[in-house]
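Secondary and tertiary structure notes
Residues per chain, in single letters:
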Amino acid sequence: MYQKRYLYIMSAPAIFLLFIFHYLPMFGIVIAFQDYRAGNGFFGSEWCGLENFRYLFKTQDAWTITRNTVGYNVIFILLNTTVSILIAIVISMINSRRTAKILQSIYIMPYFLSYAIIGIIVMAFIGRNNGFITRMISGDAIR
């Protein structure tokens, strides 16, 4: 065990993040089985078992809600997979290696940067008053 201490140290952040983002939110599942009242809190609310689910599935909208949820998920999975594969094929067909790398960077950028930063970058280019492209089109290019 002592010989593998560096492996344990290296895996500690991943295990910590796994716990924080995957196991800790599971405590919220308990709310589905409670008559949750914000004033009583998470541990003070009464336990009601499956009554919430019985109430949901007795309504006429339950099957519509379930159908829509499953349908949207199936459509989004199929659409995202198809579009991703098509974009990958199109980028691989581009002869200019530089253009292909630029397009790959633009496509992958949202996964590495927050949407706030991407919004700032987009506004720097196409902002109504001071955007780079807007100023180029209007003739007020950078002097």
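These notes cover the structure that comes with them. Residue numbering note: each chain is counted from 1, following its sequence as written. Reporting in this predicted model follows two pLDDT cut-offs: at least 70 for local features of residues, and 80 or more for side-chain atom pairs to be given and counted; totals over whole chains, interfaces and linings ignore these cut-offs and use all residues. Based on all heavy atoms of the structure, the side-chain values leave hydrogens and waters out of the count.

**Concerning the overall build of the chain**
Comment: elements are numbered from the N terminus, with helices defined as DSSP H or I runs of at least four residues and strands as E runs of at least two. Regarding its fold elements, the chain presents 7 helices and 2 strands. Mapped from its N terminus to its C terminus, the chain presents α and β elements in the order α-β-α-β-α-α-α-α-α. The globule rule is 2.2 Å times the number of residues to the power 0.38, and the radius of gyration it is compared with is taken over C-alpha atoms. Against the 2.2 N^0.38 benchmark of 15 Å for 143 residues, the chain shows a C-alpha radius of gyration of 25 Å, more extended than a compact globule. Its C-alpha atoms give the chain principal-axis dimensions of roughly 70 × 60 × 35 Å. Taking all 143 residues of the chain together, the buried fraction comes to 8%. For every accessible area listed, the method is Shrake-Rupley and the probe measures 1.4 Å; residues are considered covered only by the protein chains on display. Of the roughly 12,800 Å² of accessible surface on the chain, a fraction of 69% belongs to carbon and sulfur atoms. Charged residues are defined here as Lys and Arg on the positive side and Asp and Glu on the negative side; His and the ends of the chain fall outside this count. In this description, the location of a charge corresponds to atom NZ of lysine, CZ of arginine, CG of aspartate or CD of glutamate. The averaged location of the 5 negative side-chain charges in the chain is 24 Å from the averaged location of its 12 positive side-chain charges. The cut-offs for exposure are 20% and 50% of the maximum accessible area for each residue type, with area from a 1.4 Å probe on protein chains only; residues under the lower value are buried, those over the upper are exposed, and the others partly exposed.

**Things to note about the packing of helix H4 (residues 62–93) against helix H5 (residues 97–112)**
As a rule, the C-alpha atoms of each element are fitted with a line to give its axis, helices using only the stretch in contact, and angles between N-to-C directions run from 0 to 180 degrees. The contact between H4 and H5 brings their axes to 10 Å, and the two run at 160°. Taken together, the axes of H4 and H5 lie roughly antiparallel to each other. Here H4 contributes Ser84, Ile87 and Ile91 to the contact with H5, which in turn contributes Ala100, Leu103, Gln104 and Tyr107. The scheme is simple: roughly parallel for angles under 35 degrees, roughly antiparallel for over 145, roughly perpendicular for 65 to 115, oblique for anything else. We call two residues contacting when some pair of their heavy atoms lies within 4.5 Å.

**Brief notes about the packing of aromatic side chains**
Classification of ring pairs rests on two measures: the distance between centres of Phe, Tyr or Trp rings, Trp counted by its six-membered ring, which must be within 6.5 Å, and the angle between planes, read as stacked under 30 degrees, edge-to-face over 60 and tilted in between. The tally for this structure, following the rule as stated, stands at 5 aromatic pairs. Between Phe33 and Trp47 the ring centres are 6.1 Å apart and the planes differ by 20°, which places this aromatic pair in the stacked class. Here the residue Phe33 occupies a position in the loop between helix H1 (5–23) and strand E1 (34–35), and Trp47 occupies one in strand E2 (residues 46–47), the gap between them amounting to 14 residues. By the ring-pair criterion, three or more aromatic residues cluster together here, those being Phe33, Trp47 and Phe53.

**Some remarks on the pattern of salt bridges**
For this analysis, a salt bridge means a side-chain nitrogen from Lys or Arg found within 4 Å of a carboxyl oxygen belonging to Asp or Glu. A full pass over the atoms with the stated rule returns 2 salt bridges. For the salt bridge of Arg37 with Asp35, the shortest nitrogen-to-oxygen distance reads 3.4 Å. The class of Asp35 is partly exposed, set by a relative accessible area of 33%.

**Things to note about the environment of Phe112**
Inspection of the secondary structure puts Phe112 in helix H5. Sequence separation of Phe112 and Tyr36 is 76 residues, and the distance between their C-alpha atoms is 37 Å.

**Quick look at the side chain of Ser45**
Along the chain, Ser45 falls in the loop between helix H2 (41–44) and E2. Residue classification places Ser45 among the buried positions, given a relative accessible area of 8%. In the analysis that follows, any N or O atom pair within 3.5 Å is treated as a polar contact, provided that within protein one partner can donate a hydrogen and the other can accept it, and provided that, for residues neighboring in sequence, both atoms belong to side chains. There is a polar contact of 3.1 Å between the side chain of Ser45 and the backbone nitrogen of Arg37. At 2.8 Å, the side chain of Ser45 and the backbone oxygen of Gly41 are in polar contact. Leave out the neighbours within four places in its chain, and Ser45 touches Gln34, Asp35, Tyr36, Arg37 and Asn40.

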